[in-house]
Amino acid sequence: MASTFSGDETAPFFGFLGAAAALVFSCTGAAYGTAKSGVGVASMGVMRPELVMKSIVPVVMAGVLGIYGLIIAVIISTGINPKAKSYYLFDGYAHLSSGLACGLAGLSAGMAIGIVGDAGVRANAQQPKLFVGMILILIFAEALALYGLIVGIILSSRAGQSRAE
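In every chain, residue numbers begin from 1 and rise along the written sequence. Residue-level local features of this predicted model are given only where pLDDT is at least 70; pairs of side-chain atoms are given and counted only at 80 or more, and the full residue set underlies all totals for whole chains, interfaces and linings. Based on all heavy atoms of the structure, the side-chain values leave hydrogens and waters out of the count.

1. Some details on the side chain of Ser98
Topologically, Ser98 is positioned in helix H3 (residues 89-126). Accessibility here uses a 1.4 Å probe with only protein chains present; expressed as a share of the type maximum, an area under 20% marks a residue as buried, one over 50% as exposed, and anything in between as partly exposed. Owing to a relative accessible area of 0%, Ser98 belongs among the buried residues under this scheme. Should any heavy atoms of two residues lie within 4.5 Å, those residues are considered in contact. When neighbours within four sequence positions are excluded, Ser98 is seen to be in contact with Ile72, Ile76, Gly152, Ile153, Leu155 and Ser156. Secondary structure elements are defined from DSSP: runs of H or I of at least 4 residues count as helices, runs of E of at least 2 residues count as strands, and each element is numbered from the N terminus.

2. Brief notes about the pattern of salt bridges
Once the charged atoms of two side chains with opposite charge are near each other, the side chains can pair. When a carboxyl oxygen of Asp or Glu is within 4 Å of a side-chain nitrogen of Lys or Arg, the pair counts as a salt bridge. Under the counting rule described, the total for this entry stands at three salt bridges. With a shortest N-O distance of 3.4 Å, Asp118 and Lys36 are connected by a salt bridge. Here the residue Asp118 occupies a position in helix H3, and Lys36 occupies one in helix H1 (residues 11-47), the gap between them amounting to 82 residues. We classify Lys36 as partly exposed; its relative accessible area is 28%. Here Glu50 ties to Arg48 by a salt bridge, and the two come within 2.7 Å at their closest N and O atoms.

3. Looking at the nonpolar core
By size, the foremost hydrophobic cluster in this structure holds 26 residues, and its most contacted members are Leu65, Tyr68, Ile72, Ile113, Met134 and Leu138. For this core, the elements supplying multiple residues, two or more each, are H1, helix H2 (57-78), H3 and helix H4 (131-158). When residues in this core are grouped by element, the largest group, eight residues, is from H2. Filtering out sequence-adjacent residues up to four positions away, Met134 remains in contact with Val116, Gly120 and Val121. Remark: nonpolar core denotes a set of buried residues (Ala, Val, Leu, Ile, Met, Phe, Trp, Tyr, Cys) joined through side-chain atoms within 4.5 Å.

4. Remarks on a nonpolar patch on the surface
Among the surface-exposed residues, Leu144, Leu146, Tyr147, Ile150 and Ile154 lie close enough to one another that they form a single nonpolar patch of about 470 Å² accessible area. With respect to the helices, strands and loops of the structure, Tyr147 is situated in helix H4. The patches reported here contain residues having more than 30% relative accessible area and no salt bridge. Joining distances are 9 Å for like charges and 5 Å for nonpolar side chains (Val, Leu, Ile, Met, Phe, Trp, Tyr). Residue-level accessible areas treat just the shown protein chains as cover; the underlying method is Shrake-Rupley with a 1.4 Å probe.

5. Focus on the UniProt feature "domain: V-ATPase proteolipid subunit C-like" (unreviewed entry) in the chain
This chain's UniProt record puts "domain: V-ATPase proteolipid subunit C-like" (unreviewed entry) on residues 17-76 and 97-155. End-to-end, the C-alpha atoms of residues 17-76 are 10 Å apart, and along that stretch the chain is 85% helix and 0% strand. Taken end to end, residues 97-155 comprises 93% helix and 0% strand; its first and last C-alpha atoms sit 7 Å apart. UniProt positions are given in the numbering used here, feature names are shortened, and annotations may be inferred rather than shown by experiment.

6. Digging into the environment of Leu100
Here Leu100 shows up in helix H3. Sequence-distant contacts of Leu100, that is, excluding residues within four places in its chain, are made with Ala21, Phe25 and Ala105.

7. Description of the environment of Gly133
Checked against the element boundaries, Gly133 lands in helix H4. Take Gly133: its relative accessible area is 33%, and that puts it in the partly exposed class. For the pair Gly133 and Glu50, spaced 83 residues apart in sequence, the C-alpha separation works out to 20 Å.

What follows is the structure in structure tokens.
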């Protein structure tokens, strides 16, 4: 039976692994950030229930991290079609590195957002002047995941440039 597959037959494994890594690690970071910040919001809400809506910012910022992983996973998975275009190991490795860059950056950002969000909303309940500082720290933590998204897009765009066809 003749195969219509062109390229390296194991290469799509690495590409799909990159898509999975982007989504799994980013969502793990989002889940951790949401859970850790949510514990802080719940604890703070007992003392100052009027500040609950204002303190939900870290939870929202953590949730965005999963979207970054989803974006990269979709970009990678749409780039894997070995029957339409040759897919070599270079392409698989490019997609794997793209997924890992975005996913691990999202994981680390989620951990930072969770820790800062938990401590920040509790501190904000006692001293409202800390709110702006907490938001700035959260923005810088979110930027880490954004850097991973940007690098992931750049690395993913390198796939398909391994050989002139």
